[in-house]
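If you want the building blocks of each chain, they are given just below.
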Amino acid sequence: MSDKGISAAVIKRLPRYYRYLDELLEKDVVRISSKELSQKMNVTASQIRQDLNHFGGFGQQGYGYNVEFLYAEIGKILGLDQKTGIIIIGAGNLGQALANYTDFGRSGFFVRGIFDIDPQKIGRKISGICVRPMEDIGEFLKGHEVKIAALTIPRENAARVAALLVSCGIRAFWNFAPTDLHLPPDIVLENVHLSESLMRLSYKLKSALENSVRTDGGDEKIEA
């Protein structure tokens, strides 16, 4: 299945479908219509059908979607039917939080190694994984199947470390470093800039508060 012609917005919604379907499975829901799913996700039923039709549709007219089947199929589309190894670069607070996040395993992602340059962190265990020195990374990757690196390091080190990891065979980066990485075109990159996300939230909050003031008549002039 090629993603040619499939918009980024559709790809962005797929994990949401997957998460909602997982919740339905936990409640022993066997089938669901696009209308019912749309009410839960705040996406139109038409949009859901269009999104899923990019990959084959999966529904039956008059029946809707089999929840377990659709969950499994979207998992395959997202590559979650395969075990994927991850290494974490940076054993600070964020790196530790990622290593301790138990839901990764449920989705097929497994932390294989954690690396840092701080002597005080090296040798410590996080979620049962020993923190290794960065100089071990080349040899480590030769003996472990790892495709993704999560970068939770300062911006000044990110480009150099990313280049090293590419040379060691890493194919995808989950970048939490507050900088833009410039990588070869065949390398996959997902940026998670926490401060930018918080700024967008701040903007939305500011706009909502301003709209609330206008709605309440706060902009009306009072004449003497």
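Refer to the structure printed above.
These figures come from a predicted structure and were not determined experimentally.

Colleague: Tell me about the packing of helix α2 (residues 34–41) against helix α3 (residues 45–53), and name the residues and values.
Modeller: Contact pair α2 / α3: the axes reach a minimum separation of 8 Å and the direction vectors enclose 110 degrees. Judged by the inter-axis angle, α2 sits roughly perpendicular to α3. Contacts between α2 and α3 involve S34, K35, L37 and S38 on the former and, on the latter, A45, I48 and R49. Here the contact of α2 with α3 is built from residues that sort into three nonpolar, two polar and two charged.

Colleague: So what's going on with the sheet that holds strand β5 (residues 125–126)? Residues and values would help.
Modeller: Spatial strand order, β5-β6-β4-β3-β7-β8-β9: seven strands in an open sheet with mixed pairing. Each edge of the open sheet carries a strand with a single partner, namely β5 and β9 (188–191). As paired elements, strand β4 (residues 109–116) and strand β6 (residues 129–133) share three bridges and run parallel to each other. In the strand pairing of β6, I114 is matched with V131. In the packing of helix α8 (residues 155–167) onto the sheet, contacts are made with β3 (84–89), β7 (148–151) and β8 (172–175), and the angle to β7 comes to roughly 170 degrees.

Colleague: Outline the environment of P119, supporting the account with residue identities and numerical values.
Modeller: One can find P119 in the loop between β4 and β5. A sequence separation of 80 residues divides P119 from Q39, and the C-alpha atoms of the two residues are 51 Å apart.

Colleague: Describe the packing of aromatic side chains, with residues and values.
Modeller: Throughout the structure, instances matching the rule amount to six aromatic pairs. With 6.2 Å between their ring centres and 70 degrees between their planes, F58 and F69 make a pair best called edge-to-face. Of this pair, F58 sits in the loop between α3 and β2 (65–66) while F69 sits in helix α4 (residues 67–77), placing them eleven residues apart in sequence. Assessed through its relative accessible area of 18%, F58 is described here as buried. Pairing W174 with F176 gives two aromatic rings, centres 4.8 Å apart and planes at 65 degrees, and the pair type is edge-to-face. In this structure F176 comes out as buried when scored by relative accessible area, which is 13%.

Colleague: Outline the state of the cysteines, supporting the account with residue identities and numerical values.
Modeller: Inspection of every chain in the model, using the stated rule, returns zero disulfides. We note that C130 lacks a disulfide partner, and the nearest cysteine sulfur, in C168, lies 19 Å from it. On the basis of relative accessible area, C168 is assigned to the partly exposed category, the value being 27%.

Colleague: I'd like a description of unusual backbone geometry, backed by residues and values.
Modeller: A positive phi is found at N42, a non-glycine position, where the angle reads about 60 degrees. Structurally, the position occupied by N42 is in the loop between α2 and α3. By relative accessible area, which is 75% here, N42 ends up exposed. Positive phi outside glycine occurs at S127, with the angle close to 55 degrees.

Colleague: Give me the pattern of salt bridges: which residues, what numbers.
Modeller: The tally for this structure, following the rule as stated, stands at eight salt bridges. When the shortest N-O distance is used, the salt bridge between D22 and R106 registers 3.0 Å. Here the residue D22 occupies a position in helix α1 (residues 8–26), and R106 occupies one in helix α6 (residues 103–106), the gap between them amounting to 84 residues. The buried category is assigned to D22, whose relative accessible area is 16%. With a shortest N-O distance of 3.1 Å, K121 and D118 are connected by a salt bridge. Overall, D118 belongs to the partly exposed group, its relative accessible area being 23%.

Reading the values: the criteria
- Residues numbered from 1 in each chain as written.
- Predicted model: local features only at pLDDT ≥ 70, side-chain atom pairs only at ≥ 80, totals over all residues.
- Heavy atoms only, no water.
- Axes fitted to C-alpha atoms, helices over the stretch in contact; angles between N-to-C directions.
- Helix = DSSP H or I, 4+ residues; strand = E, 2+ residues; numbered from the N terminus.
- Parallel < 35°, antiparallel > 145°, perpendicular 65-115°, else oblique.
- Contact = heavy atoms within 4.5 Å.
- Nonpolar A, V, L, I, M, F, W, Y, C, P; charged D, E, K, R; others polar.
- Pairing = 2+ DSSP bridges.
- Phe/Tyr/Trp six-rings, centres within 6.5 Å; stacked < 30°, edge-to-face > 60°.
- Buried < 20%, exposed > 50% of the residue type's maximum accessible area, 1.4 Å probe, protein only.
- Disulfide = S-S within 2.5 Å.
- Salt bridge = Lys/Arg side-chain N within 4 Å of Asp/Glu carboxyl O.

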